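# Tertiary structure, described
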Amino acid sequence: MKRQPQVTEQTRAHLMQAFWELYLEKPIDKITVREITDRAGYNRATFYLHYRDVYDLFEQLEDSILMQIRQLVNDRLLGEETLDFSNHMGFIVQLAERFNRFMPRLLAGDPSFAERLKAIITPLLDRFIIPADELTDDERDILRNFYASGLLSAITTWMPRRDRMPIDELIALIMRAVAPHQAERA
């Protein structure tokens, strides 16, 4: 029997939403399939049609978020001659904002997620921010990690604030700190 794609996606979305709600309340190792299916309104068999276990669901969610960010970086940002942070960084932050409730939890709760996210954004740093000729490989690696960690930390600090500054102000603030020569031109 073939399930309709819309129904399958809706079922997956409900299971994922139930998982997120639980994940925001407690660590992943304390979440059970029973809790997810009870909250989503499905039985355990339905869960196992889509996921091997709670960790598989979690991994698929992370992969989905990272795929969207990777697509943005590869399709929009790396193809440009110059990086207009005041324009392009907004796309990244808006994407992160889409996952507003979850991104700080993912970055704080799963070190591998933060590392995978850094790996996606470091080509931007290498191409547009870190000078290629003036530094040794070790110096570039240190700066790459400094910028990537700082950017993720700034976003993680900014996201949960109730009265947070608008995105364009956040981008301007980061640009003044990270690339003052580009911020002056914007």
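The rules we used
- Residues numbered from 1 in each chain as written.
- Predicted model: local features only at pLDDT ≥ 70, side-chain atom pairs only at ≥ 80, totals over all residues.
- Heavy atoms only, no water.
- Helix = DSSP H or I, 4+ residues; strand = E, 2+ residues; numbered from the N terminus.
- Buried < 20%, exposed > 50% of the residue type's maximum accessible area, 1.4 Å probe, protein only.
- Contact = heavy atoms within 4.5 Å.
- Areas by Shrake-Rupley, 256 points an atom, 1.4 Å probe, with all protein chains shown as cover.
- Phe/Tyr/Trp six-rings, centres within 6.5 Å; stacked < 30°, edge-to-face > 60°.
- Lys NZ or Arg CZ within 6 Å of the ring centre and 35° of its normal.
- Expected span 1.5 Å × (residues − 1).
- Arc of directions from axis to C-beta.
- Salt bridge = Lys/Arg side-chain N within 4 Å of Asp/Glu carboxyl O.
- Axes fitted to C-alpha atoms, helices over the stretch in contact; angles between N-to-C directions.
- Parallel < 35°, antiparallel > 145°, perpendicular 65-115°, else oblique.
- Left-handed = near helix turned anticlockwise from the far one by under 90°.
- Nonpolar A, V, L, I, M, F, W, Y, C, P; charged D, E, K, R; others polar.
- Polar contact = N/O pair within 3.5 Å; in protein donor to acceptor, adjacent residues only side chain to side chain.

What follows deals with the overall build of the chain. The helix and strand tally for the chain stands at ten helices and zero strands. Reading the chain from its N terminus to its C terminus gives the helix and strand order α-α-α-α-α-α-α-α-α-α. Out of the 186 residues belonging to the chain, those deemed buried represent 41%. Taking contacts inside the chain between residues at least 6 apart in sequence as the whole, the part at least 24 apart equals 63%. Surface exposure of the chain reaches about 10,900 Å², of which carbon and sulfur atoms provide 50%.

Now for the packing of aromatic side chains. Summed over the entire model, instances satisfying the criterion amount to eight aromatic pairs. Look at Tyr23 and Phe58: their rings are 5.1 Å apart centre to centre, the planes differ by 55 degrees, and that puts the pair in the tilted class. On the criterion of sequence distance, the pair formed by Tyr23 in helix α1 (residues 5-25) and Phe58 in helix α4 (residues 54-77) is long-range, its members being 35 residues apart. On the accessibility criterion, Tyr23 (2% relative accessible area) is buried. Seen from their ring centres, Phe47 and Tyr48 are 5.3 Å apart, and the 85 degrees between their planes marks the pair as edge-to-face. The exposure class of Phe47 is buried, given its relative accessible area of 0%. Across the ring face of Tyr23, the terminal group of Arg105 is positioned such that the distance to the ring centre comes to 4.1 Å. Over the aromatic face of Trp158 sits the side chain of Arg164, whose NZ or CZ is 4.5 Å from the ring centroid.

Turn by turn, an α-helix covers 3.6 residues, leaving residues three or four places apart pointing in a common direction. Taking 1.5 Å of rise per residue, the twelve residues of helix α9 (residues 167-178) would be expected to cover 16 Å, and the 16 Å separating its terminal C-alpha atoms lies within 8% of that figure. What α9 keeps buried is the set Ile167, Leu170, Ile171, Ile174 and Met175. Looking straight down α9, one finds that the buried residues subtend no more than 130 degrees of arc, so they occupy a single side. Opposite the buried face of α9, at more than 90 degrees from it, the exposed residues are Asp168, Arg176 and Ala177.

A separate point is the pattern of salt bridges. With the rule as written, the count across this model stands at ten salt bridges. Here Arg39 and Glu25 are joined by a salt bridge, their closest N and O atoms 3.2 Å apart. With Arg39 in helix α2 (residues 33-40) and Glu25 in helix α1, this pair connects stretches of sequence that are 14 residues apart. By relative accessible area, Arg39 is classed as partly exposed at 39%. Accessibility expressed as a relative area gives 54% for Glu25, which makes it exposed.

With that settled, consider the packing of helix α8 (residues 137-158) against α9. Axis separation between α8 and α9 bottoms out at 12 Å; the angle between their running directions is 150 degrees. Compared by their axis directions, α8 and α9 come out roughly antiparallel. Crossing hand, α8 versus α9: right-handed. Across the interface between the two elements, Tyr147, Leu151, Ala154 and Trp158 of α8 pack against Ile167, Leu170, Ile174 and Val178 of α9. Residue classes in the contact of α8 with α9 are distributed as eight nonpolar, no polar and no charged.

The next subject is the side chain of Arg140. Relative to the elements of secondary structure, Arg140 occurs in helix α8. Accessibility expressed as a relative area gives 17% for Arg140, which makes it buried. Engagement of the side chain of Arg140 in a polar contact is seen with the backbone oxygen of Leu135, the distance being 2.8 Å. When residues no more than four places from it in sequence are discounted, the contact partners of Arg140 are Ile130, Pro131, Ala132 and Leu135.

Such coordinate-based values are descriptive only and should not be taken to indicate function.
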